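# Chain and residue survey
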Amino acid sequence: MLKIKPYVSLLLITLFPPTLAFSSGSIWDSFLDPKDGKFDVSNWLIEREGVLPVPIITSDPAIGYGGGAALLFFHESAEDKSVKQSSRDDDVLILPPSVSFGAGFYTENGSWAAAAGHFGSWKEDSIRYIGAAGGASLNLKYYGAGLSDDADNNPFSFSIDGLFLFQELTMRYKSSNLFIGGRYTFLGTDNKFDLGEDEVPGVSQDALDSKDAGLGLIARYDSRDNIISPNSGMLNELIVSRFDTFLGGDFGYTQVAAKTLSWWQLSPRLNLGVRVDGRYTSGDAPFYALPYIDMRGIPALRYQGESVLVTEVEPRWDLTDRWSLVGFVGSGWTESGDEGAQNYSGIIAGGGGFRYLVARRLGLRTGLDVAVGPEDTVIYIAVGSGTW
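For every chain, the first residue of the written sequence is number 1, and numbering continues from 1 along that sequence. Note on the predicted model: pLDDT of at least 70 is required for a residue's local features to be given, and 80 or more for side-chain atom pairs to be given and counted; whole-chain, interface and lining totals, by contrast, use all residues. For the side-chain quantities, the full set of heavy atoms in the structure was used; hydrogens and water were omitted.

## Considering the pattern of salt bridges
A side-chain nitrogen of Lys or Arg and a carboxyl oxygen of Asp or Glu constitute a salt bridge if their distance falls within 4 Å. Counted according to the given criterion, the structure contains 26 salt bridges. One salt bridge connects aspartate 222 with arginine 128, and the closest N-O pair in it is separated by 2.7 Å. Here arginine 128 lies in strand E5 (residues 127–142) and aspartate 222 lies in strand E8 (residues 209–222), a separation of 94 residues in the sequence. Across the pair, arginine 128 and aspartate 222 agree in class, each one buried. Here glutamate 375 and arginine 302 are joined by a salt bridge, their closest N and O atoms 3.4 Å apart. With a gap of 73 residues between them, glutamate 375 in the loop between strand E15 (364–372) and strand E16 (377–383) and arginine 302 in the loop between strand E11 (270–283) and strand E12 (307–318) connect regions that are remote in the sequence. Think of it in three bands: with a 1.4 Å probe and only protein chains considered, a residue is buried below 20% of the maximum accessible area for its type, exposed above 50%, and partly exposed in between. Classification of glutamate 375 by relative accessible area gives partly exposed; the value is 38%. Judged by relative accessible area, arginine 302 falls into the buried class, the value being 6%. Linked by salt bridges that have partners in common, Arg275, Asp277, Arg279, Arg296, Glu312, Glu314, Arg355 and Asp369 make up one network. Numbering goes from the N terminus for both helices and strands, where a helix is a DSSP run of H or I of at least four residues and a strand is a run of E of at least two.

## With respect to a nonpolar patch on the surface
Each patch is built from residues that are more than 30% exposed by relative accessible area and take part in no salt bridge. Like charges join if they lie within 9 Å; nonpolar side chains (Val, Leu, Ile, Met, Phe, Trp, Tyr) join within 5 Å. Method for areas: the Shrake-Rupley scheme with a 1.4 Å probe, in which residue coverage is limited to the protein chains shown. Judged by side-chain polarity, Trp264, Leu266, Leu270, Trp317, Leu319, Trp323 and Leu325 come together as a nonpolar surface patch covering roughly 680 Å² of accessible area. For the nonpolar patch, the secondary-structure elements that each account for two or more residues are strand E10 (253–267) and strand E13 (323–335). Along the chain, tryptophan 323 turns up in strand E13. Note on tryptophan 323: relative accessible area 32%, which makes it partly exposed.

## Structural notes on the pairing of strand E14 (residues 347–359)
The element E14 is extensively covered by neighbouring structure, given that 10 of its 13 residues are classed as buried. Across 10 bridges, the pairing between E13 and E14 is antiparallel. Bridge assignment links serine 324 to a residue of E14, and that residue is arginine 355. For two strands to be treated as a pair, DSSP must find no fewer than two bridges joining them.

## Some thoughts on the environment of leucine 187
With respect to the element layout, leucine 187 can be found in strand E7 (residues 178–193). Residue class for leucine 187 comes out partly exposed when judged on its relative accessible area of 26%. For the pair formed by leucine 187 and serine 210, sequence separation is 23 residues and the distance between their alpha carbons is 8.4 Å.

## Things to note about unusual backbone geometry
With a phi angle near 50°, lysine 123 is a residue other than glycine that sits in the positive phi range. Mapped onto the secondary structure, lysine 123 falls in the loop between strand E4 (112–122) and E5. By relative accessible area, lysine 123 is classed as exposed at 61%. If you check the backbone angles, lysine 174 has positive phi at about 50° while not being a glycine. One can find lysine 174 in the loop between strand E6 (156–172) and E7. By relative accessible area, which is 68% here, lysine 174 ends up exposed.

## Notes on the packing of aromatic side chains
Classification of ring pairs rests on two measures: the distance between centres of Phe, Tyr or Trp rings, Trp counted by its six-membered ring, which must be within 6.5 Å, and the angle between planes, read as stacked under 30 degrees, edge-to-face over 60 and tilted in between. Taken as a whole and assessed by the stated rule, the structure comprises 14 aromatic pairs. A centroid spacing of 6.1 Å and a plane angle of 15° characterise the contact between tryptophan 122 and tyrosine 129, whose relative ring orientation is stacked. Taking relative accessible area as the criterion, tryptophan 122 reaches 38% and is therefore assigned partly exposed. Ring centres of tryptophan 323 and phenylalanine 354 lie 6.0 Å apart, and the angle between their planes is 45°; this geometry places the pair in the tilted category. Taken together, the residues span a long stretch of sequence, with tryptophan 323 in strand E13 and phenylalanine 354 in strand E14 at a distance of 31 residues. A network of ring pairs unites the aromatic residues Tyr142, Phe156, Phe158, Phe193, Phe287 and Tyr288 as a single cluster. Should the NZ of a Lys or the CZ of an Arg lie within 6 Å of a ring centre and within 35 degrees of the ring normal, that charge is described as sitting over the ring. Here the guanidinium or amino end of arginine 302 rests over the ring plane of tyrosine 143, the centre of that ring lying 4.2 Å away. The cationic tip of arginine 302 hangs over the ring face of tyrosine 303; the distance from NZ or CZ to the ring centre is 4.4 Å.

So this is what it looks like as structure tokens:
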């Protein structure tokens with residue numbers, strides 16, 4: 001169990017920052033922004049190298065209600081430290097910070113997960129690295145990937161116990177916004193269904209106790225003004241991955257993932273985000289590796305197919321320099337090549353929430369979202385643009 005008691009007060013005021021009178025010279029001065037006197041954790045994270053606790057709320061019907069926490073540790077780049085020593089009026093970080101994290105959660109149906117990792121930005125953001133490892137034991141629902149009409153109303157219950165490893169390295173091409181690189185993923189799982197595997201469509205004996213490993217090539221164009229909570233710019237990405245036995249897995253298949261995320265500052269107080277996200281799988285992919293509609297308000301693995309497309313828009317209205325309201329709505333489609341398989345189209349989900357600029361120098365906004373899907377209402381803790 002994660003011990004987060006020392007950070008409870010910081011966690012609460014991060015989500016609901018009050019107006020308080022702080023005594024001069026106290027540790028609480030670290031949580032006041034000298035620019036506007038508002039609650040802000042920038043100095044705590046950057047100057048004091050503090051930890052930002054982020055609550056995890058799970059209300060996904062696939063795993064039930066539960067919670068946990070993530071602990072984020074920000075590392076200021078050497079380039080920003082040198083700039084900070086100059087007479088620069090604007091103290092906003094000019095380069096992405098590196099971030100280390102640890103996270104875990106537990107839910108009412110006995111599901112749990114824990115992971116640790118690091119995002120690194122080096123050499124004036126010319127090299128980016130993401131690495132993570134962890135384990136999980138999840139009790140989920142499988143909806144047949146469109147191969148069973150009855151699964152929509154009576155999904156198959158199964159458990160998945162696994163360990164995963166994720167490694168990604170990209171490098172900037174000259175002085176452009178283009179990053180080129182690769183990634184390696186590994187997932188070892190032990191899957192158990194309440195019914196025998198022969199009675200579950202699309203699930204083979206080989207996929208029950210198995211390993212899945214793949215190597216991907218990445219082309220990524222990133223012109224965002226802030227990689228944590230963007231206000232403008234684009235993130236265009238193409239990843240072509242090959243999963244095969246020579247990489248340490250049990251399956252051979254190819255996945256193609258392409259997405260574009262765009263942000264526009266329509267007015268000083270109005271921002272618009274647009275997401276288009278497509279995924280395609282061909283070959284002998286295990287049932288748990290098939291893409292699904294990944295959108296707020298939609299349970300994981302609910303709508304699967306060999307091809308999946310998701311579109312979503314998210315306007316943000318800044319009520320003040322700190323507080324914002326957000327709305328979002330999206331739609332998803334799936335298509336399967338199996339004869340007689342059900343394809344899903346126009347699966348719609350949407351909702352709204354709020355954001356607070358909790359770390360001005362990092363550009364970090366946190367808040368809460370409530371999403372309504374075709375079957376359920378789900379609550380999300382939003383940290384930056386992590387919901388995308």
